[in-house]
Amino acid sequence: MLENKKEGIDFGLQKKNTDYKQSANTLFNFMTKFDYLVKDIKDMKLYPRYVVENVEYLKLKFGNRSIGNVAFPMLCFCDINLHNLPLHVENDDLNGTKGYGKYGIGLDKNWCERKGFQPITYANQESKFSIEFSELFNENLDLLYSDLPLKEEFSNFILDQLRLIKPLKGVMNRDGEWFNKNFHDEREWRYLPDMTKVEMSDFINDATKPREMESATLNKMSDTLTNENSVHLDLDLECINYIFVDSSKDRDKMINVIKERFGDDIDKCMNLASKIVIYEQIARDW
């Protein structure tokens, strides 16, 4: 289980606050359905869901069973400048990859840092890092399989590292279809919720819990998480930099959602409505 959040380390001079120059100052979370975005804005929350990650490249084994896929709750964001977003959100028919959708929310990166977001590590399969990480994780799995004593702090640490690692390139599943993906281009950051107050699995794998790894089961578990306030990411007006919708029709619907959320508070309505971006319009100017 993930431990309760501890006080951050003081990085001293390294903590100096400066704007990002070669990456975005906003982290983006895109989705395929307008209804998902409506719920996020209506509730002013983002809801972590169980996400499947392919880890075959790490060659992990539990006894004689290989671990091919794992799942755990998280929110994923990309650190991409605006003019490069089409490569992230739209389908690439030439290379056979699917985009993440044209509906999204952009959060201030400094705010995300304060909330504990973490950029992930991209693993080169041939690197010393990847080889040693695989060896250490398998050593821990061997102890667990043999029911031998574990050093809990170390075990939790390498499990957390697995939650924050991805290969440079690999395969991704979307709607039951696997396709190749260059993950490094996404510059991904993750928000990992504190699951200590929730009586649900915070890490699942297909070697020990294959039934829980089924899509229908993971979707039900994710839906259950929406009722657990302790894992939600609460939003405020100032942390939101952008709200992306696909069309002017979607914009009008989103304005009504904002009106319903904030009622007669005109200032809050205008503040949030001013952050709506119509994707089909702005994409022509990138």
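Described below are features of the structure shown in this document. (Residues numbered from 1 in each chain as written. Predicted model: local features only at pLDDT ≥ 70, side-chain atom pairs only at ≥ 80, totals over all residues. Heavy atoms only, no water.)

**Observations regarding the nonpolar core**
At step 1: Counting residues in each nonpolar core, the largest one holds 33 residues, and the members touching the most others are Ile41, Leu107, Ile240 and Met254.
At step 2: Not counting residues up to four positions away in its chain, the partners in contact with Ile41 are Ile105, Ile240, Ile243, Met254, Val257, Ile258, Arg261 and Leu272.
At step 3: Judged by nonpolar contacts, the second largest core, of 19 residues, contains Val55, Leu60, Phe72 and Met74. (Core = buried A, V, L, I, M, F, W, Y, C linked by side-chain atoms within 4.5 Å. Buried < 20%, exposed > 50% of the residue type's maximum accessible area, 1.4 Å probe, protein only. Contact = heavy atoms within 4.5 Å.)

**Overview of unusual backbone geometry**
At step 1: Backbone geometry at Met44 places phi at a positive 50°, although glycine is not the residue there.
At step 2: Here Met44 lies in the loop between α1 (34-43) and β2 (45-46).
At step 3: On the basis of relative accessibility, which here comes to 5%, the residue Met44 falls in the buried class. (Helix = DSSP H or I, 4+ residues; strand = E, 2+ residues; numbered from the N terminus.)

**What about the side chain of Asp40?**
At step 1: Looking at the secondary structure, you find Asp40 in helix α1.
At step 2: For the buried residue Asp40, which engages in no salt bridge, the nearest side chain bearing the opposite charge is Lys39, 7.1 Å off.
At step 3: If near-sequence neighbours (up to four positions away) are discounted, Asp40 is found in contact with Met31, Lys45, Leu46 and Tyr47. (Lys, Arg positive; Asp, Glu negative; His and termini not counted. Salt bridge = Lys/Arg side-chain N within 4 Å of Asp/Glu carboxyl O.)

**As for α1**
At step 1: Looking only at α1, the buried set comprises Phe34, Leu37, Val38, Asp40 and Ile41. Down the axis of α1, the sector holding all buried residues measures 165°, keeping them to one side.
At step 2: Where the residues of α1 are buried, they touch β1 (26-31), β2, β7 (103-108), β16 (240-245), α7 (248-262) and α8 (266-273).
At step 3: Of the residues flanking the end of α1, it is Met44, one or two places downstream, whose phi is positive at about 50°. (Arc of directions from axis to C-beta.)

**Some words on the packing of α1 against α7**
At step 1: In the contact formed by α1 and α7, the axes pass within 9 Å of each other and the chain directions differ by 25°. When the axis of α1 is compared with that of α7, the two are roughly parallel. Of the two elements, α1 crosses α7, and the hand of that crossing is right-handed. Between α1 and α7, the residues in contact are Phe34, Leu37, Val38, Ile41, Lys42 and Asp43 and Asp250, Lys253, Met254, Val257, Ile258, Glu260 and Arg261, respectively. (Axes fitted to C-alpha atoms, helices over the stretch in contact; angles between N-to-C directions. Parallel < 35°, antiparallel > 145°, perpendicular 65-115°, else oblique. Left-handed = near helix turned anticlockwise from the far one by under 90°.)

**Observations regarding the packing of helix α4 (residues 128-145) against helix α5 (residues 152-163)**
At step 1: Look at α4 against α5: their axes get within 11 Å of each other, and the N-to-C directions meet at 130°. Judged by the inter-axis angle, α4 sits oblique to α5. Two packed elements cross with a definite hand, and for α4 against α5 that hand is left-handed. Contacts between α4 and α5 involve Phe133, Leu136, Phe137 and Asn140 on the former and, on the latter, Phe154, Ser155, Ile158, Leu159, Gln161 and Leu162.
At step 2: Split into classes, the residues belonging to the contact of α4 with α5 amount to seven nonpolar, three polar and no charged. (Nonpolar A, V, L, I, M, F, W, Y, C, P; charged D, E, K, R; others polar.)

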